[in-house]
Structures are given as C-alpha cells and as structure tokens.
Amino acid sequence: MKTKSKKRNLLKVFLMALLNLVLLVAALYAGVRLYLKNVEFPRPPKVNERKKHIACIGDSITYGAGVLGKRRTSTYPVYLQGLV
C-alpha cells in the first residue's frame, strides 16, 4: 500500500514540476516577444505622403548593427536622409 502512495506522490511532484517548467517557458517566451516588439523592432515612423521616399535595402549594417538605442540618429538611412 505504501509503495502505491509513494508512487502517486512522486507522480504528483513530477507533474507539478513539469507544469511549473511549462509556465516558466511560456512566461519567458512572452517576455522575449514583448522585448523584440518594443526594442529591437520599433514601429516605423509616420510617412509624409508629399515627400519622395528612398528605400534602403540591406543587412544588419544598413539596419544599424551596434547602435541599439541610437537607430533614429546613427544609421546609414538617417545619414542618407540628411543628404537628400
């Protein structure tokens, strides 16, 4: 009888640990998604329809690798905008 009780308790502990792990992974996933949405990929600026626009297509250098937090002032497209 005691072995069944021990097995049942061990199963409960295992299932609770598994549930906690799943909840932790879900919370971390949601946190990372919020971080990427708000910091790494900010919303594009509003576009003035009357101006001409030039698209800058490229890789991380064009996007501004290494200038996190200064992308609105220190990237290649910003410098190009100043020239136009």
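Residues numbered from 1 in each chain as written. Predicted model: local features only at pLDDT ≥ 70, side-chain atom pairs only at ≥ 80, totals over all residues. Heavy atoms only, no water.

**Q** Just give me the short version of the overall build of the protein, but keep the residues and values in it.
**A** The secondary structure content of the protein amounts to three helices and zero strands. Starting at the N terminus and walking to the C terminus, you meet the elements of the protein as α-α-α. Computed over its C-alpha atoms, the radius of gyration of the protein comes to 25 Å, more than 25% above the 12 Å expected for a compact globule of 84 residues. Within the protein, the proportion of its 84 residues that are buried is 7%. Excluding contacts between residues fewer than 6 apart, the proportion of contacts in the protein whose partners are at least 24 apart in sequence is 37%. Of the roughly 8300 Å² of accessible surface on the protein, 66% is carried by carbon and sulfur atoms. (Helix = DSSP H or I, 4+ residues; strand = E, 2+ residues; numbered from the N terminus. Rg over C-alpha atoms; globule rule 2.2 N^0.38 Å. Buried < 20%, exposed > 50% of the residue type's maximum accessible area, 1.4 Å probe, protein only. Contact = heavy atoms within 4.5 Å. Areas by Shrake-Rupley, 256 points an atom, 1.4 Å probe, with all protein chains shown as cover.)

**Q** So what's going on with a nonpolar patch on the surface? Which residues, and what values?
**A** Taken together, L11, F14, L15, L18, L21, V22, L24, V25 and L28 make up a surface patch of nonpolar side chains, about 860 Å² in accessible area. Note on placement: L24 falls in helix α1 (residues 2-40). Classification of L24 as partly exposed rests on a relative accessible area of 49%. (Patch = residues over 30% accessible without salt bridge, like charges linked within 9 Å, V, L, I, M, F, W, Y side chains within 5 Å. Salt bridge = Lys/Arg side-chain N within 4 Å of Asp/Glu carboxyl O.)

**Q** So what's going on with the confidence of the model for the protein? Residues and values would help.
**A** With 90% of its residues at a pLDDT of 70 or more, the protein has an overall mean of 80. Averaged over each element, pLDDT in the protein is lowest for helix α2 (residues 60-63) (74) and highest for α1 (84). (pLDDT = per-residue confidence, 0-100.)

**Q** Please give an account of the side chain of T75 that cites residues and values.
**A** Along the chain, the position of T75 falls in the loop between α2 and α3 (76-83). Ignoring sequence-local partners within four residues, the contact set of T75 consists of T62, Y63, G64 and V67.

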